[in-house]
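# Topology and contacts: notes
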Number of protein chains: 2
Amino acid sequence: MTAVRHALETHAVRDQPIVIAVSGGADSVALLRILSELQDPLALRPIVAHFDHRLRDDSAEDGRWVNSLASGLGAECILGVAQTTAPSTGVEAWARRERYAFLQTCASRKNVRWIAVAHSADDQAETVLHHLIRGTGLRGLAGMPTVRTLSSTARLIRPGLGVSRAAFREYLLGLGQSFREDPSNTDGRYTRNAIRNEAIPFLRDRFGRDPSRSLVKLSVQAHEAASVLQRLARRALKRAVLEQTPDRVHIASQAFYGVPDAVVQEAGVLLWRRQKWPRREMSQGAWKRAARFLRGTTQAEQWPGGVRGVKRGGLVVLERS
Amino acid sequence: MTAVRHALETHAVRDQPIVIAVSGGADSVALLRILSELQDPLALRPIVAHFDHRLRDDSAEDGRWVNSLASGLGAECILGVAQTTAPSTGVEAWARRERYAFLQTCASRKNVRWIAVAHSADDQAETVLHHLIRGTGLRGLAGMPTVRTLSSTARLIRPGLGVSRAAFREYLLGLGQSFREDPSNTDGRYTRNAIRNEAIPFLRDRFGRDPSRSLVKLSVQAHEAASVLQRLARRALKRAVLEQTPDRVHIASQAFYGVPDAVVQEAGVLLWRRQKWPRREMSQGAWKRAARFLRGTTQAEQWPGGVRGVKRGGLVVLERS
């Protein structure tokens, strides 16, 4: 699969071992087979990691199946089992947390830098649509990034983001490779499944075209635009910040003169992140107020979490008590 | 309505006459009543324009109704009637074209600069969702602009884009002002109605929140981001263009050094628009090729409509035969 190879090469993932999360579903089995094929040309050594969330009585069978698949391909396989029981609500978030903790443990135990997960272009489209329904800005619209830093030693890569679910299945069909069907994928209580099995088909059937491809294209554009804004914001902030401690920042507001509102707002987000000030409680209105304050157009302001701002001449001071 | 007043003041629409498109539906009747109220504080003089598309047998009644509403408010009223009959397909596009031609005629006959239409925040959300389903970039995601230039003498303003349809109706209820129901608003053959009456309710009912507000917020962000990219593109292009005739442009590709891809691509769009080269046939891939060519990383390229590019040293030449 050229798209997968291209993603790996773009991020210089070669000449090293790589942990692959394999549930046993079509996408992850396909990714494993592709990475096995790339073993020689990219000098990769795939290490299979399978996590049993214990969400179904027969879930251990998936692990045995994945284990035998891995050994057939000559790959090492690590099996993990959830140590806590699923909560009554927020099952998806819990499962993701547990799974990623396991993957990071695998990587650190094996001294591996890269962890690959098998998200497809359809997963990306579903993520974007989910964000759209839930309410999102440009960054949420960008969907899942191809690469994300998990810790000082581990990075996540999604080399299949450019490949459709159908293409993954077709590839498996060509190989005569079977896979496991996860019955939880049709459980309509999970938002992800409702997006996948109801919202996307509804839009496709009613408006005569599959929205997935458009959503993925849009997410690429949104990612590019968000990166440009971020880069400009970083540059403006560098000029603007005069003094910085964990609880206080002195800013020359003239550095934002002629800088577009969207960039000043992004600079605010960046500043809050660097200061580790609470961002979750910041509404769109609160960010707009932060931007106005950074420009020096308001005298005094307050934000969630005890962050306050006072203007002193051409200088604005932000501090957290 | 403060949001409507704010939009008008932001664009300095005051001390002058203004043409208002009034179908007789709730939104346009509400806008007319609001503009009437603002007649004194903003020194506006509303001129009502109603267009009969002749899409229904009883459509002339709407015109009589709007005419009597206008005279009750002491406003001049111009009635127009479609001179051509609706095509069998593309009725919505035809109706829009005919209506806007009429509005521009009204404005130029009365020597008026501004034309107001009553699009609401819900219309904006529907537009954005429509673009999303159909496939769109950042610019399409921005939805309808608040202000748009129609000709050298006429500008369109949508002062109600920040007001929900529900708020318009509540306002009318408070005044005891009636309005006309347009039966074509429930005709599911029109895409707009399918978005309004099916897609939005489906998403709201299935996922427990109205996507309209999120879509409008996102459209504002997308508009801001697109404006920033456009501004940067304009600046880069200014540095890059050495010589320009209607059929040929000489460009110093070094001007794009260090400029982000998204901005170079936007510069391509801008260049094509200025040269009046065909843009409709340009796919996302074609724009990407244009960006790579502008950077000087390809030797020769071809695009739709006979546009060709050749590299000569650090110079790239684009021409149309």
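Residues numbered from 1 in each chain as written. Chains lettered and ligands numbered in written order. Predicted model: local features only at pLDDT ≥ 70, side-chain atom pairs only at ≥ 80, totals over all residues. Heavy atoms only, no water.

## Focus: the interface of chain A and chain B
How large an interface is tends to be reported as the accessible area lost when its parts come together. Note the cut-off: Residue contacts are defined here by distance: any two heavy atoms, one from each residue, within 4.5 Å place the two residues in contact. Computed with a 1.4 Å rolling probe, the buried area is the accessible surface lost when two parts are put together, summed over both parts. Put simply, a salt bridge is a Lys or Arg side-chain nitrogen that is within 4 Å of an Asp or Glu carboxyl oxygen.
If you look at the interface, chain A gives 38 residues, while chain B gives 38 residues. Both sides of the chain A and chain B interface together cover about 3,400 Å² of buried area, and 66% of this is carbon and sulfur. The largest contributions to the chain A side of the interface with chain B come from Ile133, Phe207 and Gln284 of chain A, which together make up 17% of the buried area. The interface formed by chain A and chain B includes four salt bridges. For the salt bridge of glutamate 198 of chain A with arginine 206 of chain B, the shortest nitrogen-to-oxygen distance reads 2.5 Å.

## As for the relation of the copies chain A and chain B
Cut-off, in case you're wondering: Least-squares superposition aligns the copies on the C-alpha atoms of those residues with pLDDT at or above 70 in both.
With an RMSD of 0.1 Å, the operation that places chain A on chain B is a rotation of 180° combined with a shift of 0.0 Å along the axis. Here the transformation between the copies is reduced to the relation of a two-fold axis. Proximity to the rotation axis, assessed at the C-alpha, singles out alanine 225 of chain A in chain A; its C-alpha lies 3.3 Å from the axis. Both copies contact each other with a shared surface, as 100% of the interface residues of chain A are interface residues in chain B too.

## Points about the packing of helix α5 (residues 121-134) of chain A against helix α8 (residues 191-207) of chain A
Residue and element names in this part refer to chain A. Rule in force here: Helix axes are fitted only over the stretch in contact, all axes being lines through C-alpha atoms; the angle between N-to-C directions runs from 0 to 180 degrees. The secondary structure listing takes helices from DSSP runs of H or I that are at least 4 residues long and strands from runs of E that are at least 2 residues long, numbered from the N terminus. Put simply, angles under 35 degrees are roughly parallel, angles over 145 are roughly antiparallel, angles from 65 to 115 are roughly perpendicular, and the rest are oblique. In this classification, the charged set is Asp, Glu, Lys and Arg, the nonpolar set is Ala, Val, Leu, Ile, Met, Phe, Trp, Tyr, Cys and Pro, and all remaining amino acids, among them Gly, are polar.
Close contact between α5 and α8 brings their axes to 10 Å; oriented N to C, the two are set at 90°. One element, α5, and the other, α8, form an angle in the roughly perpendicular class. Between α5 and α8, the contacting residues are Asp123, Glu126, Thr127, Leu129, His130 and Ile133 on the first element and Thr191, Arg192, Ile195, Arg196, Ala199, Ile200 and Leu203 on the second. Looking at the contact of α5 with α8 residue by residue, the classes come out as six nonpolar, three polar and four charged.

## Details of the UniProt feature "binding site: ATP" (unreviewed entry) in chain A
Residues and elements named next belong to chain A. For clarity, the cut-off: UniProt positions are given in the numbering used here, feature names are shortened, and annotations may be inferred rather than shown by experiment. Only protein chains enter the accessibility calculation, which uses a 1.4 Å probe; a residue whose area is less than 20% of its type maximum is buried, one above 50% is exposed, and one in between is partly exposed.
In the numbering adopted here, UniProt assigns the feature "binding site: ATP" (unreviewed entry) to Ser23, Gly24, Gly25, Ala26, Asp27 and Ser28. Here glycine 24 lies in the loop between β1 (16-21) and α2 (26-37). Note on glycine 24: relative accessible area 0%, which makes it buried. Other than its neighbours up to four places away in sequence, glycine 24 contacts Val29, Trp65, Val66, Phe179 and Arg180.

## What about the pattern of salt bridges?
Counted under the stated rule, the structure contains 47 salt bridges over all chains. Across the pair glutamate 9 of chain A and arginine 14 of chain A runs a salt bridge, and its minimum N-O distance is 3.9 Å. Judged by relative accessible area, glutamate 9 of chain A falls into the partly exposed class, the value being 35%. Arginine 165 of chain B serves as the salt-bridge partner of aspartate 27 of chain B, at 3.8 Å between the closest nitrogen and oxygen. Linking aspartate 27 of chain B in helix α2 (residues 26-37) with arginine 165 of chain B in helix α7 (residues 165-175), this pair joins segments that are 138 residues apart in sequence. Here the salt bridges share partners, and the residues they tie into one network are Asp27, Asp123, Glu126, Arg165, Arg192 and Arg196 of chain A.

## Quick notes on the sheet that holds strand β8 (residues 248-252) of chain A
Residue and element names in this part refer to chain A. Rules: Strands are labelled as partners when DSSP assigns at least two bridges between them.
The strand order across the open sheet built from five strands is β7-β8-β11-β10-β9, with neighbouring strands paired in antiparallel fashion. Here the strands that pair on one side only, and so sit at the sheet edges, are β7 (241-245) and β9 (300-303). Each strand axis lies, on average, 15° off the axis of its neighbour in the sheet, ignoring direction. In this structure, strand β10 (residues 307-312) lies alongside strand β11 (residues 315-320), joined through six bridges in antiparallel fashion. The residue of β11 that forms the bridge with valine 307 is arginine 320. Contacting β7 and β8, helix α9 (residues 211-240) runs over the sheet at an angle of about 85° to β7.

## What to know about the packing of aromatic side chains
All names here are of chain A. Our working rule: Here the aromatic set is Phe, Tyr and Trp, taking the six-membered ring for Trp, and pairing holds for ring centres within 6.5 Å; pairs whose planes are under 30 degrees apart are stacked, those over 60 apart are edge-to-face, and all others are tilted. Charge-over-ring placement is defined geometrically: NZ (Lys) or CZ (Arg) within 6 Å of the ring centre, and within 35 degrees of the ring normal.
Under the criterion given, the structure shown has 11 aromatic pairs over all chains. Taken together, the aromatic side chains of Trp272, Trp277, Trp287, Phe293 and Trp303 make up a single cluster linked through ring pairs. We note arginine 206 situated over the ring of phenylalanine 207; from NZ or CZ to the ring centre the distance is 5.8 Å.

## A look at the side chain of glutamine 124 of chain A
Along the chain, glutamine 124 of chain A turns up in helix α5. Look past the residues within four positions of glutamine 124 of chain A in its chain and what remains in contact with it is Ala142, Gly143, Met144, Leu161, Val216 and Ser219 of chain A.

## Structural notes on the sheet that holds strand β6 (residues 155-157) of chain B
All names here are of chain B. Judged by pairing direction, the sheet is mixed, and its six strands sit side by side in the order β3-β2-β1-β4-β6-β5 without closing on themselves. In the strand order of this sheet, the two ends are held by β3 (76-81) and β5 (147-149), each with one partner. With direction set aside, neighbouring strand axes in the sheet form an average angle of 25°. With three bridges connecting them, strand β4 (residues 114-116) and β6 associate as parallel partners. By the bridge assignment for β6, isoleucine 115 is matched with leucine 156.

## Overview of the domain arrangement of chain A
What counts here: Where each domain begins and ends follows an automated or database-derived domain assignment.
When the domains of chain A are assigned, the result is domain 1 (2-209) and domain 2 (229-320). Between the C-alpha centres of domain 1 of chain A and domain 2 of chain A there is a distance of 38 Å.

## Considerations on the pairing of β3 of chain B
Residue and element names in this part refer to chain B. Defined as follows: Handedness is read with the strands pointing away from the viewer; a crossover is right-handed when the path from the first strand over the helix to the second is clockwise.
The pairing of strand β2 (residues 44-52) with β3 spans six bridges and is classified as parallel. Looking at the pairing, phenylalanine 51 lines up with glycine 80 of β3. In this view, the connection linking β2 to its parallel neighbour β3 by way of helix α3 (residues 59-72) has right-handed handedness.

## Digging into the pairing of β9 of chain A
Residues and elements named next belong to chain A. Side chains Glu301 and Trp303 project from β9 onto a buried face, and the interleaved Ala300 and Gln302 project onto a face without burial. Here β9 pairs with β10 via four bridges, running antiparallel. Looking at the pairing, glutamine 302 lines up with arginine 308 of β10. Adjacent in sequence and paired antiparallel, β9 and β10 are bridged by three residues, among which glycine 305 carries a positive phi angle near 80°.

## A closer look at the environment of glutamate 9 of chain B
All names here are of chain B. In this fold, glutamate 9 is placed in helix α1 (residues 2-10). In this structure, the C-alpha to C-alpha distance between glutamate 9 and glutamine 177, residues 168 residues apart in sequence, is 26 Å. Beyond its immediate sequence surroundings of up to four residues, glutamate 9 is in contact with Arg14 and Leu42.

## Here we look at the confidence of the model for chain A
Our working definition: Per-residue confidence from the prediction method is given by pLDDT, with values spanning 0 to 100.
Residues of chain A with pLDDT of at least 70 account for 100%, and the chain-wide mean is 93. Least confident of the elements in chain A is helix α6 (residues 138-141) of chain A, whose mean pLDDT is 88; most confident is strand β4 (residues 114-116) of chain A, at 98.

## Structural notes on the side chain of serine 120 of chain B
Assignment of secondary structure puts serine 120 of chain B in the loop between β4 and α5 (121-134). In contact with serine 120 of chain B, other than residues within four places in its own chain, are Asp27, Gly160, Leu161, Val163, Ser164, Arg165 and Phe168 of chain B.

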